[in-house]
Amino acid sequence: MAQPTPQADGPQPPSLPCDLGRGFMSCFTWAEHPEGPISAGTMSLLTELFSDLYKEAFSRLPIEDMPDMHFDPLMSGMCVGLLDPVTNIILNTFSFLSDDDLGGSFPFGRRRSTLRGISRGGREDWYPMVYMSIKILIEFMRTYFRLLNEEQAGRYLLWARGDLALAVLFVEHKLYLEQPAIPDPRSPRTRFSFQLAVTAASHPTPDYLAWLSTLWLPQQQLETLAPILIPRNRKLTVDDVWTISSVLRSQGRPPPRTPFSPPQGPAHHNKHCVDLGDGRISYTTVVQLLGDYITSLRHHPDIRSMLSNYREDAIDALPRTRRRQLAATRKPCEGTIHGFYLKALAKLSSRHACRFMRAILVAGHCYGPMDPVSNIIVTAIWYDMKFPPPPLRSGGPSLEHDMLDTLSVLRTECRSLAGLVALFCDTVSDQSFHLTLKSLCHTKCDLSTEVQRHLQSMQLDGSSPNPFSAATAAAQHPQSSALAEFLVSLSAMKLQRLRSLTSPNSTLSDESLRQIFDIIGGPASAMPKVFPLCDNALSILSRKRSDYADLWSFIREEIIHLLQKYAYHNPMEPKYELVCICGVEVIGHTQSS
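A quick note: this is a predicted structure, and the numbers were derived from the prediction, not measured.

**A word on the nonpolar core**
Among the nonpolar cores identified, the biggest contains 131 residues, and F50, M141, I244 and L440 are the most heavily contacted of them. Of the residues forming this core, the biggest block, 11 residues, is contributed by helix 5 (residues 123–144). Listed in part, the five residues of the second largest apolar core include M403, W552, I555 and L578.

Encoded structure:
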């Protein structure tokens, strides 16, 4: 793909090649349309597209040979799954057949109409299926990619011609993922997204439809379905219908809470024996399931050819605005930075996370001379050492700070992004805000290499200003000057030691933290004078702290209960222990919880 030409408002840095067509959620909204609901224009295009898909799917079914096959348009035939759209419709049509059609007991048969009547009725009779399918796919995209809105998700589905797997691939390509890939049916992220999507769309049997979308099948049954589902434009026979239905019925009903349940089925066992000496023998059994997920029936063309045929301007003729472009560019950066804070909290033990929670929220920013996660940890520890909180007044309850509300975290993330933008302009290239955001998206918001190169040139020059001054000021850091001086004072040897202590994936040990304390060193700053509160203020503060303690206890108990329930339904997976809560949001009375 061609490199962009330099812009008038600043040269493109040679060290950061950036494709102007990538790096942001480029499915813009209408200029006059809010970012929330999907626009009428996009919904109309989606309805027309999915109606054509249903027309193609019905043309492949043996409808005239099965005139009395019952069909429920509110349950069957959803265009949902990771196969191509037409195959998804066919598969979901035969997965919900009624008892009379199969001669057996099936729990989802609700006699509403006949498939021949639906197919002859035209697009108006197809609308319940079309609308439900569009709603489920949009909800999947919004769950799978946290920062997409309905309009953006709808446009990606348009560009992918209703193919969910292809739409996900396009988004990942736009966000500079190193290896864009369609959703993995083994991934909890994929399964959880299907579960939430079909539930949010009010499908009558959400567990079954989500389970079917990521179904694992034994090898023999995959070989049975392959000649039926893989060929394009193949007219199905009645025998094909019976074969598909029999294979799906043989899997039974989904187990409770299926999103993270491992597949079950025939397996091949390999046993290995190792002599450990002293009469001890170690036996290891490797279990390999004989089968694959139903997505293996999908024809996977070369990803590069798929992306090369992807052209936004072929469909996107709606007006754009500069404000929408900036908002679409900012969102991926905010999502990346959000992941940095989650990783930083995950590297701290429960005790240390509670101690440094305040410092991370107030002053732990991700810009600096190291990788973003290391920057967050080191700056938070520095702030906690140099500017500790005032001593707790006697009589007040001691609270553990292990819960963050969503808006407070978002405020810290936005300030970190502002610091990254300022640091990029000072150390890499002084260009427009829009191009800077796209360059940050390209580098995954990690400027460590560029900052190190700039610091080395500073040492040779000897007269360059502190590159962190503008960053800490733009990020509204509570101690901007002090942090800038601390960051620039870190020698190459100290930076190397800090990286070695914070980079490993394991949790930071007490010894690692002690070494970080020694590297930072120095006494704490003078404690600001704390003025006494009047009795009324103390009473209000005491009441609010008590209310907070009650809410904190309630939320923790609910989450612990959910984790225990999850462990009960998923005994094969590791048990999780609640360390900290990274996001809590109060839902208003006018919103759904």
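**Topic: the packing of helix 8 (residues 188–200) against helix 9 (residues 206–213)**
Where helix 8 meets helix 9, the closest approach of the two axes is 9 Å, and the angle between their N-to-C directions is 145 degrees. By crossing handedness, the relation of helix 8 to helix 9 is classed as right-handed. Residue-level inspection shows F194, Q195, V198 and T199 of helix 8 in contact with helix 9, the latter providing P206, D207, L209, A210 and S213. Its residues assigned to classes, the contact of helix 8 with helix 9 comprises five nonpolar, three polar and one charged.

**Brief notes about a nonpolar patch on the surface**
There is a patch of nonpolar side chains on the surface, built from L533, L538 and L541 and spanning about 210 Å² of accessible area. With respect to the secondary-structure elements, L541 resides in helix 23 (residues 535–569). Relative accessible area serves as the criterion here: at 37%, L541 is assigned to the partly exposed category.

**Notes on helix 22 (residues 510–520)**
Every α-helical turn comprises 3.6 residues, leaving residues that sit three or four positions apart pointing alike. Inspection of helix 22 places S512, L513, I516, I519 and I520 among the buried residues, and these make up the whole buried set. The buried residues of helix 22 occupy one face: seen down the axis, they fall within an arc of 115 degrees. Contact partners of the buried residues in helix 22: helix 14 (350–363), helix 15 (372–386), helix 20 (480–489) and helix 21 (492–502).

**A short note on the packing of helix 16 (residues 406–427) against helix 17 (residues 433–442)**
Closest axis-to-axis distance for the helix 16/helix 17 pair is 10 Å, and the angle between their directions is 100 degrees. If you check the angle between helix 16 and helix 17, you find them roughly perpendicular. Across the interface between the two elements, L417, L420, V421, F424 and C425 of helix 16 pack against F433, T436, L437, S439 and L440 of helix 17. Split by residue class, the contact of helix 16 with helix 17 holds eight nonpolar, two polar and no charged.

**Thoughts on the pattern of salt bridges**
Per the counting criterion, the structure on display carries nine salt bridges. Residues R142 and E150 are paired through a salt bridge, measuring 3.6 Å at the closest nitrogen-oxygen approach. On the basis of relative accessibility, which here comes to 31%, the residue R142 falls in the partly exposed class. Overall, the relative accessible area of 23% leaves E150 in the partly exposed class. With its nearest N and O atoms 3.1 Å apart, the salt bridge here joins R155 to E151. Highlighted residues: R155 and E151, both in helix 6 (residues 150–159), separated by four residues, approximately one helical turn. Given the relative accessible area of 0%, E151 is considered buried.

**Side note on the environment of Y341**
For Y341, the location among the structural elements is in helix 13 (residues 322–346). For Y341, a relative accessible area of 5% gives the class buried. A C-alpha to C-alpha distance of 9.0 Å links Y341 and H365, two positions 24 residues apart in sequence. Not counting residues up to four positions away in its chain, the partners in contact with Y341 are I360, G364, H365, C366, I376, T412, E413 and S416. Among the polar contacts listed, one links the side chain of Y341 to the backbone oxygen of G364, at a separation of 2.5 Å.

Criteria and cut-off values
- Residues numbered from 1 in each chain as written.
- Predicted model: local features only at pLDDT ≥ 70, side-chain atom pairs only at ≥ 80, totals over all residues.
- Heavy atoms only, no water.
- Core = buried A, V, L, I, M, F, W, Y, C linked by side-chain atoms within 4.5 Å.
- Buried < 20%, exposed > 50% of the residue type's maximum accessible area, 1.4 Å probe, protein only.
- Helix = DSSP H or I, 4+ residues; strand = E, 2+ residues; numbered from the N terminus.
- Axes fitted to C-alpha atoms, helices over the stretch in contact; angles between N-to-C directions.
- Left-handed = near helix turned anticlockwise from the far one by under 90°.
- Contact = heavy atoms within 4.5 Å.
- Nonpolar A, V, L, I, M, F, W, Y, C, P; charged D, E, K, R; others polar.
- Patch = residues over 30% accessible without salt bridge, like charges linked within 9 Å, V, L, I, M, F, W, Y side chains within 5 Å.
- Areas by Shrake-Rupley, 256 points an atom, 1.4 Å probe, with all protein chains shown as cover.
- Salt bridge = Lys/Arg side-chain N within 4 Å of Asp/Glu carboxyl O.
- Arc of directions from axis to C-beta.
- Parallel < 35°, antiparallel > 145°, perpendicular 65-115°, else oblique.
- Polar contact = N/O pair within 3.5 Å; in protein donor to acceptor, adjacent residues only side chain to side chain.

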